[in-house]
Amino acid sequence: MVDRWVQDHQKDAWRKQAKASGYRARSAFKLKQIQERHKIIDSQDSVLDVGCHPGGWAQVAVELVGENGKVVGVDLQSCVPVDGANLIVGDITEPFTQQAVLDAIDTEVIDVVVSDISPHITGKWDIDQAVSLMLVADVFDFALPILKYGGHFVTKLFQGVGVEELIELVKPHFQVVKRFSPMASRNSSSEVYLICKFHTPKRGPDWQIRPAFEDALEHRQGGPEPDEDVEPAKSTFQVRKKKTD
Ligand SMILES: C[S@@+](CC[C@H](N)C(=O)[O-])C[C@H]1O[C@@H](n2cnc3c(N)ncnc32)[C@H](O)[C@@H]1O
């Protein structure tokens, strides 16, 4: 109960700070803190912001890339325009939206992908968490082919079953992959951000994350069940008293 009160109070504090600073959402501070620690966006970069509504990350990205950079965002919900960003409405897993994003980017490759995507929350934690990881895998599969060599990728993850498998599948695509929990999201949920730096494109037919992730989950579920009928083996390990003569 007290924990809940503290969490709500902290969320409120970030919300007030966001309002005072002209940001649309407290989530803006998460990207700012990710940037402070990990330096993912440079001036003049092109940035794809996945799950951009209401536009807090897009506002921060526009500040960071400056006048000569480019920010393209996409979300299921339409946003009030953000000066300097091109925000598209659509489902990032749909080919039609993907084409609209590629058209808006209008270059062969981009420098950075930031994704704060989260699915519609049903309240059933294990379902929401599983859907969110699949969505993250889809975003990787869409965006990796257009992320430049050496580019960076940040994505939100909800901790739980499958996270380790997903991270293992992402690792071969980047030189550095690490988890980071910004102050603005601490205590508020089980979300964490995966910071993937220095894209090293993985070639070959098995480069995609989603099919391999589904295989990994199936393998995990089909793994051997512990046999409850088998008695645990007795340990022969003993602590011997040291001789003192
Ligand atoms: C936490 S919000 C993002 C907040 C945003 N980073 C900001 O600072 O304003 C997550 C967003 O992901 C979007 N989303 C979920 N599924 C999506 C999908 N398939 N395609 C595009 N956006 C999606 C939701 O509509 C929601 O607005």
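Structure's up top.
Source: prediction; values computed, not measured.

Conventions we followed
Residues numbered from 1 in each chain as written. Predicted model: local features only at pLDDT ≥ 70, side-chain atom pairs only at ≥ 80, totals over all residues. Heavy atoms only, no water. Phe/Tyr/Trp six-rings, centres within 6.5 Å; stacked < 30°, edge-to-face > 60°. Helix = DSSP H or I, 4+ residues; strand = E, 2+ residues; numbered from the N terminus. Buried < 20%, exposed > 50% of the residue type's maximum accessible area, 1.4 Å probe, protein only. Core = buried A, V, L, I, M, F, W, Y, C linked by side-chain atoms within 4.5 Å. Contact = heavy atoms within 4.5 Å.

(A) The packing of aromatic side chains, seen in detail. Applying the stated criterion across every chain, the model contains five aromatic pairs. On the basis of an interplanar angle of 40 degrees and a centroid distance of 5.7 Å, the ring pair of W57 and Y193 is categorised as tilted. Linking W57 in helix α3 (residues 56–65) with Y193 in strand β7 (residues 191–199), this pair joins segments that are 136 residues apart in sequence. Summarising the aromatic geometry, the rings of F140 and F153 are spaced 4.2 Å apart at their centres and angled 20 degrees between planes, so their arrangement reads as stacked. Remark: F153 occurs in strand β5 (residues 147–158) and F140 occurs in helix α5 (residues 125–143); sequence separation between them is 13 residues. The exposure classification of F140 matches that of F153, with both residues buried.

(B) Quick peek at the nonpolar core. Membership of the largest hydrophobic core comes to 38 residues, with the highest contact counts inside it found for V101, F140, F153, L157 and F174. The element that contributes the greatest number of residues to this core is α5, accounting for nine residues. In contact with F174, other than residues within four places in its own chain, are F140, L144, L147, G151, F153, C196, K197, F198, H199 and T200. Core analysis: the next-biggest nonpolar cluster, separate from the first, contains 25 residues, F29, V47, V60 and V154 among them.

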